[in-house]
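Report on the structure
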Amino acid sequence: MTETLEIPASHRRVRVWFGAHPIADHTAAAEQAAQYEEAMRRRFASLRVTSEPVPVDSRGDSMAEPGR
């Protein structure tokens with residue numbers, strides 16, 4: 001079994017939700033993600049917008065879903 005050490009996330013995953021369905025999904029560096037989140041909150045004022053840290057393993061690789 002391989003143990004993965006997590007270090008503080010430098011990236012965030014921002015999603016815009018329509019009910020239980022994400023209609024936008026964007027991962028970026030923390031500063032850009034904050035700007036994106038703010039823009040999405042303005043654009044989609046009535047929808048839920050979430051921002052979550054993206055875990056990074058000890059090699060510095062993002063553990064986000066592939067293709068994001």
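Summary of the structure given here. (Residues numbered from 1 in each chain as written. Predicted model: local features only at pLDDT ≥ 70, side-chain atom pairs only at ≥ 80, totals over all residues. Heavy atoms only, no water.)

Quick look at the pattern of salt bridges now. Scanning the model with the defined rule gives four salt bridges in all. One salt bridge in this structure joins R41 and E37, with 2.8 Å as the shortest N-O distance. Here E37 and R41 lie together in helix 1 (residues 30-43), a separation of four residues that amounts to about one turn. (Salt bridge = Lys/Arg side-chain N within 4 Å of Asp/Glu carboxyl O. Helix = DSSP H or I, 4+ residues; strand = E, 2+ residues; numbered from the N terminus.)

The subject of this paragraph is the side chain of E37. A relative accessible area of 18% means that E37 is categorised as buried. In this view, E37 contacts V14, V49 and S51; residues no more than four positions away in its chain are not counted. (Buried < 20%, exposed > 50% of the residue type's maximum accessible area, 1.4 Å probe, protein only. Contact = heavy atoms within 4.5 Å.)

As a further point, take the packing of aromatic side chains. For any pair of aromatic rings, the description rests on two quantities: the centre-to-centre distance and the angle between the ring planes. A full pass over the atoms with the stated rule returns zero aromatic pairs. Above the ring of F44, the side-chain terminus of R43 is found at 5.1 Å from the ring centroid. The side chain of R48 reaches across the aromatic face of W17, ending 4.7 Å from its centre. (Phe/Tyr/Trp six-rings, centres within 6.5 Å; stacked < 30°, edge-to-face > 60°. Lys NZ or Arg CZ within 6 Å of the ring centre and 35° of its normal.)

Here we take up helix 1. Its 14 residues give helix 1 an end-to-end C-alpha distance of 20 Å, which sits within 8% of 20 Å, the value for a rise of 1.5 Å per residue. Buried residues of helix 1: A33, E37 and M40, and no others. Looking straight down helix 1, one finds its buried side chains confined to an arc of 70 degrees; they lie on one side. Opposite the buried face of helix 1, at more than 90 degrees from it, the exposed residues are E31, Q35, R42 and R43. (Expected span 1.5 Å × (residues − 1). Arc of directions from axis to C-beta.)

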